[in-house]
Amino acid sequence: MFAAERRQLILEMVRANGAVSLRELARVVQTSEVTVRRDVRALEAEGLLDRRHGGAVLPGGFTRESGFPQKSHLATAEKTAIADLAASLVEEGEAVVVGAGTTTQELARRLARIPGLTVVTNSLLVAQALAHANRVEVVMTGGTLRGSNYALVGSGAEQSLQGLRVSRAFLSGSGLTAERGLSTSNMLSASVDRALVQAAAEVVVLADHTKLGTDTMFQTVPTDVITRLVTDDPPAHDDRAATELQALADQGVQITVAGAAGSGSGGDAAAPPGHRPRRDTALPGQRRTHGGGPGPQALRSAGALAEQPGERARVADLRRR
């Protein structure tokens, strides 16, 4: 394929989806990520798209939100690995809240195999994934249906969460930065996500590497409220994602990295080259101390976590430097 043909196809994909990862672009145009990155730079120089960490978006994509059909085809391998690992954090008999999103939908499919759970959600897709699960109770919020992501939003959803208390919340979003935390492009979705956070003792963010360093309009979870980030291993060339991981770790977020993208859930994970976050991974169920790091009894390597029954992804052991 000639360069002009590649770039036209890349532009069509970005226009159709709003945002596309470099890995997905390279797969579709059947070339290397290095070549795709060069094409993306050229298209950006012409003002036809904007580069983001690990991908490309439409110009002005800072505030644009893709619909569910488009997002469901992005970073699918990464979402699978993240969902496998996040599910291993949940124990039998727990009560959790699960927000809307394509990654949380993948998580819900795995939670269906854990007996005795109570799952509170505002997502029709999460509820659907759990509808036929044995011994899993699903509690839906009220609210108004937002068709673009099949989520219940508005005052009805927020009021139904008042007085609720669960062990942890699993949330996704449109972007994650150390400066602002998790954010999304829609005001109603952000408001419900904040209500979900208020109901949980811990907050676990599920975000693939393409969302690291991306900032969108409405903040949902400030960085100091995030207990743990479950993400995938960024590509070696993605220095920005590695830098963002370091900054998040420095602010006390427990970072757990799923198996390398593209290798499935069983691939070995490694910290990005030249990157070693300073925070250790803490025990599920432990809160960070006010000083920003885990308490002295909370420290455990991610390698120990990998030995828990039912886990499908190995994790990177992010040790204190």
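Look up: the structure comes first, before these words.
Conventions adopted
- Residue indices follow the written sequence of each chain, beginning from 1 at its first position.
- Side-chain atom pairs in this predicted model are given and counted only at pLDDT of 80 or more, local residue features only at pLDDT of at least 70, and totals for whole chains, interfaces and linings cover all residues.
- Excluding hydrogens and water, the side-chain figures rest on all heavy atoms present in the structure.
- Under the scheme used here, helices are H or I runs from DSSP no shorter than 4 residues and strands are E runs no shorter than 2 residues, and both carry numbers assigned from the N terminus.
- Only protein chains enter the area calculation, which uses a 1.4 Å probe; residues under 20% of their type maximum are buried, those over 50% are exposed, and those in between are partly exposed.
- Here, two residues are considered to be in contact whenever any of their heavy atoms come within 4.5 Å of each other.
- Accessible surface area values rest on a Shrake-Rupley calculation with a 1.4 Å probe, where residue burial reflects the displayed protein chains alone.
- The pairing criterion is simple: DSSP has to find at least two bridges between the two strands.
- Each axis is a line fitted through C-alpha atoms, and for a helix only the stretch in contact is used; angles between axes span 0 to 180 degrees, taken between their N-to-C directions.
- In this text, buried Ala, Val, Leu, Ile, Met, Phe, Trp, Tyr and Cys residues form a nonpolar core when linked through side-chain atoms within 4.5 Å.
- The labels follow the angle: roughly parallel below 35 degrees, roughly antiparallel above 145, roughly perpendicular from 65 to 115, and oblique for the rest.
- Note on convention: the crossing is left-handed when the near helix lies turned anticlockwise from the far helix by less than a right angle, right-handed when the turn is clockwise.
- Only Asp, Glu, Lys and Arg are considered charged, only Ala, Val, Leu, Ile, Met, Phe, Trp, Tyr, Cys and Pro nonpolar, and every remaining residue, Gly among them, polar.
- Each reported salt bridge corresponds to a side-chain nitrogen of Lys or Arg within 4 Å of a carboxyl oxygen of Asp or Glu.
- Multiplying 1.5 Å by the helix residue count minus one yields the expected span of that helix.
- Between N or O atoms, a polar contact is any pair within 3.5 Å; within protein, one atom must be a potential hydrogen donor and the other a potential acceptor, and residues adjacent in sequence are included only when both atoms are from side chains.

### Observations regarding the overall build of the protein chain
Tallying secondary structure elements over the protein chain gives 11 helices and 15 strands in all. Per-residue burial for the protein chain yields a buried fraction of 54% across its 321 residues. Taking contacts inside the protein chain between residues at least 6 apart in sequence as the whole, the part at least 24 apart equals 68%. With an accessible surface of roughly 13400 Å², the protein chain has 48% of that area assigned to carbon and sulfur atoms.

### Considerations on the sheet that holds strand β13 (residues 218–221)
Reading across the sheet, the 3 strands line up as β10-β11-β13 and stay open at both edges, with antiparallel pairing between neighbours. Bordering the open sheet on either side are β10 (175–177) and β13, each of which pairs with just one other strand. Mean inter-strand twist for the sheet, computed between neighbouring axes without regard to direction, equals 40°. In the sheet, β10 pairs with strand β11 (residues 181–184) via 3 bridges, with the strands oriented antiparallel. Opposite Gly 175, over in β11, you have Ser 183 as the bridge partner. Contacts between helix α9 (residues 187–198) and the sheet are confined to β11 and β13, with β13 contributing the most and set at about 20° to the helix.

### Digging into the environment of Leu 117
Within the secondary structure, Leu 117 sits in strand β5 (residues 117–121). Judged by its relative accessible area of 1%, Leu 117 falls in the buried class. Measuring from C-alpha to C-alpha, the distance between Leu 117 and Glu 92 comes to 6.1 Å, with 25 residues separating the pair along the chain. Ignoring anything within four residues of it in the chain, the contact list for Leu 117 reads Val 90, Glu 91, Gly 93, Glu 94, Leu 111, Arg 135, Val 136 and Glu 137.

### Remarks on the nonpolar core
Within the largest apolar cluster, 30 residues are counted, with the highest numbers of intra-cluster contacts made by Leu 176, Val 205, Leu 212, Val 221, Leu 229, Leu 248 and Ile 255. For this core, the elements supplying multiple residues, two or more each, are β9 (166–171), α9, β12 (200–206), α10 (239–250) and β15 (254–257). Leave out the neighbours within four places in its chain, and Val 221 touches Leu 171, Arg 180, Gly 181, Leu 182, Val 197, Val 203 and Ile 226. In terms of nonpolar packing, the next biggest core, distinct from the first, is built from 25 residues, Leu 89, Val 90, Val 98 and Leu 117 among them.

### Brief notes about the packing of helix α5 (residues 76–87) against helix α6 (residues 102–111)
Where α5 meets α6, the axes come as close as 8 Å, and the angle between the chain directions of the two elements is 50°. By the angle class used here, α5 and α6 are oblique. Once α5 is placed against α6, the crossing between them reads as right-handed. Along its contact with α5, which presents Lys 79, Thr 80, Ile 82, Ala 83, Asp 84, Ala 86 and Ala 87, the element α6 presents Thr 102, Thr 103, Glu 106, Leu 107, Arg 110 and Leu 111. Partitioning the contact of α5 with α6 into residue classes produces 6 nonpolar, 3 polar and 4 charged.

### Some words on the pattern of salt bridges
Counted by the stated rule, this structure contains 13 salt bridges. Across the salt bridge formed by Asp 39 and Arg 7, the nearest N and O atoms sit 2.9 Å from each other. Here the residue Asp 39 occupies a position in helix α3 (residues 33–45), and Arg 7 occupies one in helix α1 (residues 3–17), the gap between them amounting to 32 residues. Classification of Asp 39 as buried rests on a relative accessible area of 0%. The residue Glu 202 makes a salt bridge to Arg 168 at a minimum N-O spacing of 3.6 Å. In this pair, Glu 202 sits in strand β12 while Arg 168 sits in strand β9, placing the two residues 34 residues apart along the sequence. Across this residue pair, the class does not change: Glu 202 and Arg 168 are buried.

### What about the sheet that holds strand β6 (residues 136–140)?
One open sheet holds the 7 strands; their spatial order is β6-β5-β4-β9-β12-β14-β15, and the pairing between them is parallel. The open sheet terminates on both sides in strands that have one partner only, identified here as β6 and β15. On average, adjacent strands in this sheet sit at an angle of 20° to one another, irrespective of strand direction. Summarising the sheet, β9 and β12 pair through 5 bridges and their orientation is parallel. Residue pairing across strands places Arg 168 opposite Glu 202, the latter belonging to β12. Packing against the sheet, α5 makes contact with β9, β12, β14 (228–231) and β15, and its axis sits at approximately 140° to β14.

### Some details on α9
Think of an α-helix as 3.6 residues a turn; residues three or four steps apart then line up on the same face. Under the 1.5 Å per step criterion, the end-to-end length of α9 is 17 Å for 12 residues, consistent within 8% with the ideal 16 Å. Listed in full, the buried residues belonging to α9 are Ser 189, Ala 190, Val 192, Asp 193, Ala 195, Leu 196 and Val 197. Measuring from the backbone nitrogen of Leu 188 back to the side-chain oxygen at the start of α9 gives 3.0 Å, which picks out Asn 186 as the cap.

### Side note on the environment of Thr 227
Residue position: Thr 227 is located in the loop between β13 and β14. Between the alpha carbons of Thr 227 and Val 205 there is a distance of 8.0 Å; along the sequence they are 22 residues apart.

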